[in-house]
Each structure stands twice: as C-alpha cells, then as structure tokens.
Amino acid sequence: MTERFFTVLAINVAYHMLYYFFSGIYRRTEKMRSHNDFNKSIGGIMIRIFAMFGILASILVAYIFVSDAITNNEYYRLFAICIPFGILLGAYSLWIDIQNDETTS
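Residues numbered from 1 in each chain as written. Predicted model: local features only at pLDDT ≥ 70, side-chain atom pairs only at ≥ 80, totals over all residues. Heavy atoms only, no water.

K.L.:
Honestly, helix α4 (residues 37-71) in this entry has me stumped. Any pointers?
P.N.:
Helical geometry note: an α-helix holds 3.6 residues per turn, so side chains three or four residues apart project in the same direction. Its 35 residues place the ends of α4 50 Å apart at the C-alpha level, agreeing with the 51 Å of an ideal helix rising 1.5 Å per residue. Along α4, the residues that are buried comprise Gly43, Gly44, Ile47, Ala51, Gly54, Ser58, Ala62 and Ala69. For α4, the secondary structure elements touched by its buried residues are α1 (2-23), α2 (25-28), α3 (30-33) and α5 (82-104). The backbone nitrogen of Phe38 has a side-chain oxygen 3.3 Å away, supplied by the residue at the start of α4, namely Asn36. Immediately beyond the C-terminal end of α4, within one or two residues, lies Asn73, with a positive phi of roughly 55°. (Helix = DSSP H or I, 4+ residues; strand = E, 2+ residues; numbered from the N terminus. Expected span 1.5 Å × (residues − 1). Buried < 20%, exposed > 50% of the residue type's maximum accessible area, 1.4 Å probe, protein only. Contact = heavy atoms within 4.5 Å. Polar contact = N/O pair within 3.5 Å; in protein donor to acceptor, adjacent residues only side chain to side chain.)

Structure below.
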C-alpha cells in the first residue's frame, strides 16, 4: 500500500516540477535577456530551441512509456504517462509565452 502511495506521489511531483520548470523559463530569463541586443537575440533563439526540444522529447518519452508498457504487458506503468504530459504542457506554455512576446514587440 505504501509503495503505491509513494509511486503516485513521485509521479505527481515529477509532473508538476517539469511543468513549472519549462513554463517558468521565459519569465525567469527575462531580466538577463534585456541587458543587451546580443542576449536578447541569442537568448530568444536558445529558448525557442529549448521549447521545441521539450515538445519533441515529451512525444518521444510518451511513445517509449506506452510501447514499453504494452510490450511487457505491465499496463500499470501507463500511469507514468503523466510525466511526459508535464513536459509537453510546460514546453507548450513556454512556446506560447515566446509567441505572445513576439506579437507585442
């Protein structure tokens, strides 16, 4: 019973940590990027690459989780699919922040 509880707790914490990590990158780097034009242009490019990497990585990790669970007939492992969704939603939130900044600038 306690093993299941801690597994669910770990999955939930991983989901929220990855979501807040990706979604908060834009706001946390705003001060650094505003120092000069070089930081603004290169920092913007790096953040875009990081957002795209997060989206692609979440799709790859979700595929690996699902295929591994189906191959091994361990369907209870599908509960861990929440972790790549945290990455996907956080990276998408980062992408939306980037797009909103481009339209206001």
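K.L.:
Looking at this model, I keep getting lost on the pattern of salt bridges. Mind explaining?
P.N.:
Opposite charge on two side chains permits pairing when their charged atoms draw close. In the structure shown here, the tally under the stated rule is 3 salt bridges. A salt bridge links Asp68 to Arg77; its shortest N-O distance comes to 2.5 Å. A residue is classified by how much of its surface remains accessible, and Arg77, at 33% relative accessible area, is partly exposed. Salt bridges here are not isolated pairs; linked through shared partners, they connect Asp68, Glu74 and Arg77. (Salt bridge = Lys/Arg side-chain N within 4 Å of Asp/Glu carboxyl O.)

K.L.:
I keep staring at the packing of aromatic side chains and nothing clicks. Help me out?
P.N.:
The geometry of an aromatic ring pair comes down to the distance between the two centres and the angle between the two planes. Inspection of every chain in the model, using the stated rule, returns 5 aromatic pairs. Ring geometry for Phe5 versus Phe6: centroids 5.4 Å apart, planes at 70°, classification edge-to-face. A relative accessible area of 51% means that Phe5 is categorised as exposed. Both rings, one in Phe22 and one in Phe50, keep their centres 5.0 Å apart while their planes meet at 20°; by these two values the pair is stacked. Separated by 28 residues along the polypeptide, Phe22 in helix α1 and Phe50 in helix α4 bring together distant segments of the chain. A relative accessible area of 28% means that Phe50 is categorised as partly exposed. Ring pairing ties together the aromatic residues Phe21, Phe22 and Phe50, which thus form one cluster. (Phe/Tyr/Trp six-rings, centres within 6.5 Å; stacked < 30°, edge-to-face > 60°.)

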